[in-house]
Amino acid sequence: MYNLPTNTKKWQFDIFLKKIFKKKTDAPFAQLLINVHPLPLFHVKSPIFLFYSASVRQGIVDSVKRALGDQKVKSVVICGQNGVFCGGADIREFGRQMSGPPLVPMIHDIEAANKPVVAAIEGSALGGGLELALGCHYRISHSKAKLGLPEVTLGLLPAAGGTQRLPRLIGVPAALNLITTGRHVTAAEALQLGILDHVTEHNTVDVAVKFALSVTGESLDGRRISSFSCAPLSDLDSLFEEAMLKVRGAARGAIAPVACVQAVRAAATLPYAQGMEREKELMATLFHSGQARALQYFFFAQRAVGRWSTPSGARWDTSQPRPVRKAAVIGLGTMGRGITVALAQAGLSVVAVETHAKQLMEAKKAVPSMLKRGAVRGGTTIEPDSITYSETVQAVADVDLVIEAVFEDMALKEKVFQQLSIVCKPDTLLCTNTSSLDVDHLASQTRHPELVVGMHFFAPAHVMKLLEVVYGRRSSPAAVATAMQLGKKMGKVSVAVGNCRGFAGNRMLKRYLEQAFFLLEEGATPELVDRALEEFGFPMGVFRMSDLSGLDVGWRVRKADGLADTSLTGTSARVRQGCRYSPLGDLLCEHGRFGQKTGRGWYQYDKPGGRVAKSDPWLHNFLDEYRARHGLVPRCIDQQEVLERCLFVLINEGFQILEEGIAAGPEDIDAIYVFGYGWPRHRGGPMFYADMVGLERVVERLERYHQAHPNVPYLQPSGLLRRLVANGSPPIHKWRNVIKNRNSQL
Ligand SMILES: C[C@H](O)[C@H](C)C(=O)SCCNC(=O)CCNC(=O)[C@H](O)C(C)(C)COP(=O)([O-])OP(=O)([O-])OC[C@H]1O[C@@H](n2cnc3c(N)ncnc32)[C@H](O)[C@@H]1OP(=O)([O-])[O-]
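Residues numbered from 1 in each chain as written. Predicted model: local features only at pLDDT ≥ 70, side-chain atom pairs only at ≥ 80, totals over all residues. Heavy atoms only, no water.

### Quick word on the packing of helix α10 (residues 256–269) against helix α11 (residues 272–287)
Applicable threshold: As a rule, the C-alpha atoms of each element are fitted with a line to give its axis, helices using only the stretch in contact, and angles between N-to-C directions run from 0 to 180 degrees. Only DSSP runs of H or I reaching four residues or more are called helices, and only runs of E reaching two or more are called strands; each is numbered from the N terminus. Any angle between 65 and 115 degrees counts as roughly perpendicular, while under 35 counts as roughly parallel, over 145 as roughly antiparallel, and the rest as oblique. Contacts are residue-level and defined by heavy atoms, with any inter-residue pair within 4.5 Å sufficient. Think of it as three bins: nonpolar holds Ala, Val, Leu, Ile, Met, Phe, Trp, Tyr, Cys and Pro, charged holds Asp, Glu, Lys and Arg, and polar takes everything else, Gly as well.
Across the interface, α10 lies against α11 with an axial gap of 9 Å and an inter-helix angle of 170 degrees. As summarised for this structure, α10 and α11 are arranged roughly antiparallel, according to the angle between their axes. Listed contacts from α11 to A256, A259, Q262, A263 and A266 of α10 are G275, R278, L282 and L286. Along the lines of polarity and charge, the residues of the contact of α10 with α11 split into 6 nonpolar, 2 polar and 1 charged.

### Here we look at the confidence of the model for the protein chain
Put simply, the rule reads: Values of pLDDT, which run from 0 to 100, indicate the predictor's confidence residue by residue.
Of all residues in the protein chain, 92% attain a pLDDT of 70 or more, and the chain-wide mean is 91. Considering only residues more than four positions removed or in separate chains, one finds that residues 1–49, a stretch of pLDDT under 50, has 96 contacts. Across the predicted assembly, pTM comes out at 0.91 and ipTM at 0.95.

### Concerning the environment of A267
Tracing the chain through its elements places A267 in helix α10. Sequence separation between A267 and S229 is 38 residues; the distance between their C-alpha atoms is 8.4 Å. Contact partners of A267, with chain neighbours within four places excluded, come to T163, Q164, P167, R168 and C230.

### Observations regarding the UniProt feature "domain: 3-hydroxyacyl-CoA dehydrogenase C-terminal" (unreviewed entry) in the protein chain
This is how it is decided: UniProt positions are given in the numbering used here, feature names are shortened, and annotations may be inferred rather than shown by experiment.
Under the present numbering, the feature "domain: 3-hydroxyacyl-CoA dehydrogenase C-terminal" (unreviewed entry) in UniProt falls on residues 502–605 and 642–729. End C-alpha atoms of residues 502–605 are separated by 30 Å, and the span's content is 51% helix alongside 4% strand. In residues 642–729, the share of helix is 68% and the share of strand is 0%. The end C-alpha atoms are 24 Å apart.

### Remarks on the pairing of strand β15 (residues 493–498)
We apply this condition: For each residue, the accessible area found with a 1.4 Å probe, counting protein chains only, is set against the maximum for its type, and the residue is called buried under 20%, exposed over 50%, and partly exposed in between. We call two strands paired when DSSP finds no fewer than two bridges between them. Seen with its strands pointing away from the viewer, a crossover is right-handed if its path from the first strand over the helix to the second goes clockwise.
Within β15, 6 of the 6 residues are buried, which leaves it mostly tucked inside the rest of the structure. Of the pairings in the sheet, the one linking strand β14 (residues 466–471) to β15 comprises 6 bridges and is parallel in character. Paired with V470 across the bridge in β15 is V497. Handedness of the crossover joining β14 and β15 through helix α17 (residues 477–489): right-handed.

Quick look at the structure:
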C-alpha cells in the first residue's frame, strides 16, 4: 500500500507510479492498489474540501484515469488518510469562484470503469465524499465510520449524483429520510440500509484490498448504481405528497428540504441522465440563496464560539480547564432535574441535593424516568448509582463542581453560596444556573470568587443545546475554561458571555417581548404577531412561547425589579423611569392567566397544561377595554412592522452587547439565539440577519420607529451599529475588527 503526501503534484504522482510499476511487476498480485490520492480531512488548517480544490480534484481525476487506463491494474481501492475518507466539499470555497475539473464526470468515470473500484471508508464519508463512494462499485467501511448526505443542513442538496444514486441503491423512502434530514448514520445502519457492502472492525484499507482482489474480473454490470431503477412503490404520489408536507411542516420556510424532495422524486420518475439534469437545476436554485449563505455561515459560527475570549484577555487556547469527575446540583426543581440528568448522561457521578422532602421525593421519581427516556433516544446507558440524592448541602463536600439551581430569588441564592463556600473543597467550582441575577454578587458571598461562574441552562436542561457560561469580574480563566469544557462534554453548545442583567439571551429577549406588548397596545393581536414570527421561521411566536414558559416567570422578575405595579392609573400606568412600559403582562397574571399551566394566557387551552393554543375572545375584549381605558386608538399593523419592531430591537440590543464586550463576536449571539431561542437556523441568527437585511436599513427603520415612539430609548440605533454603517457596513466576518478597535477592553 502506498501513500502520497497530500500536496502531491501530478508529475510527482507519475514518478510514484513509475517506481511502483518498476518494483512490483513481478509481485504475485499484479493488480495494483491505487490509493487514489489520500484524502486528508479535518486537520484544522489542512484543506478539507478535496473535490472542489482544483489541484486535489485534478489529482484524483488523473490518478483514476491512469489506474483505469493501465492494463496492469486489475482493481482500485480509494481510501482516505489519517483514518478519514472525506467530509465532502470545502464549505469555505462556496463563496468563491469554482475552478478545476467538475465532480460529476469524475464519479461517472469511476462507475463506468471496467475494473472494480472499491471505496475504503473510515471516519467520515459525508456529502461529496459519500457521493464518490456511491460511484464506486463496492463500499467497505470501518464500524466506527459515519456516513451521510448533510448538504440540506448547508442549504444545499447532494449535487454529485447523491439524489439520483442513493434512492436507486436503498429505495426512495430511506433515501428521502437521509437526504431531507441530512442526518449522519452509523456504519451498522448504513449496512442495514444497503449503502455498504461490508463493515469491518479491522484495518479497513487492508480489508478493502483483499476484497478488491477477490472481485477482480467479476462483471460489474450489477454494480453501477446509476443503471439501477428505484424499487417500485405502490403509491408514489402520496408518498411524495406526504414527504413534501412533512418537510414543509418541519422546514418553517427553509427551501433546501423542499428541493431535496423534488430531486429524489426525479430519481423515482425519470431516467438517470434526466434526473441528474433535474438535480443540477435544483442545486442552482439553492447554491447562491440567502438561506444557503446563512446555513454555511452558521456551520462555522457554531464552531467559532468554542474559541472564546473575555475582555480580561482570557482565551480558549491559553486557559487550562480543570478535570470534573464528580459534580453536584443544588435544588431539584424542573431545571435542577434536567441538569442532573445532563450531567449523568455526560458520564459524571452526581450528588443531587434538595432540602424540601416532597420535592426530593418527586425528583427521585422523575430523574430515573428522564434518564430512561434519554437512554432510549440516545442509545446511552447510565450507571444506576451514578446519581446519589441528599437533603443536605453537606453532601457535596467532595465534589469538583457545584451547579446551584434553586428558586430564582437572590436572598435564597446568597444563602446557598455562603453555605457552599464553607462546605466545599477550596478549589471546587461554584456555578449558578440563574437566568438573570448578578453573578458577581453571588461570587462575593464566597471565599473564592474567582471560582464562581454562571452556567445558564435552557429548559428542558437535558434537551436544549445552549449553555450560556457567564463570567464575572473575578472569574478565573480556568473557571471559565472548565465550565466551557463541561458544557461541551454535556453535548451543549457553550457560549461565553459577560455578567450583566439577563446576560446576552434574556437581555435581548426583554426588548423583543416589550415591543410585542407595545404592538398589542397599538392594535395588533397575539395571533397577528405570532403568525408573522412563525412565518419568519420561529417554531413559536412570542405569545405562544410565553404561554409555554409561563407568564408568571417574567412577572416575578418584573415585580422584583419594581416594575409590575398595576395600581398605577392614567399615563403613569404606562411609564416606568420615564420610559414607556406596558402592564399588559402584569394584568393578565393578576387574572391568574399564566399560560398553558393555567389553561389561559394570551390564548385559551382546553385544560390546564393543554398544548393547543386557540384564540380567546376574552383576551380580545380585554385588549379592547385596555386600549379604551388608556385612550389608545388601535391602528392596522402589518407583518413587516411586527418583524421589524420585534427583531430589529433584539438585533440592536445585540450590537449594544457586542459594544460592551458582553459577547465577543456576532457568532456568539447568533449561536445563542439559534440554539436557545428558536431563531430559524436558515436565517443565520439575529446578527447575520442584520447583515443580510443591510445595516443601513436596520438603522433607518429603528430611527423611524424611535421618532414614532420617543419614550422607547432603546429604539435608537446602538453606537456600534452606527459605527459599522459609518464604516461602509462591512460584512459580518469583519465586525470583530471594528469592535476591537473601539473597545480597548476586548
Ligand atoms: C457536492 C456535494 O454534494 C456537496 C456540495 C457537499 O459535499 S457539501 C459538504 C457536505 N459535508 C458536510 O456537511 C460535512 C461537514 N462537517 C461535519 O459535519 C463535521 O465537521 C464532521 C466531518 C462530522 C467532523 O466533526 P468534528 O466535530 O470532528 O470536527 P469539526 O469541529 O466539525 O471540524 C473540524 C474543523 O474542520 C472544519 N470543517 C469540517 N467540515 C468542513 C467542510 N466540509 N468544509 C470546510 N471546513 C470543514 C470545521 O470548520 C473545523 O474547523 P475549525 O473550526 O477547527 O477551524
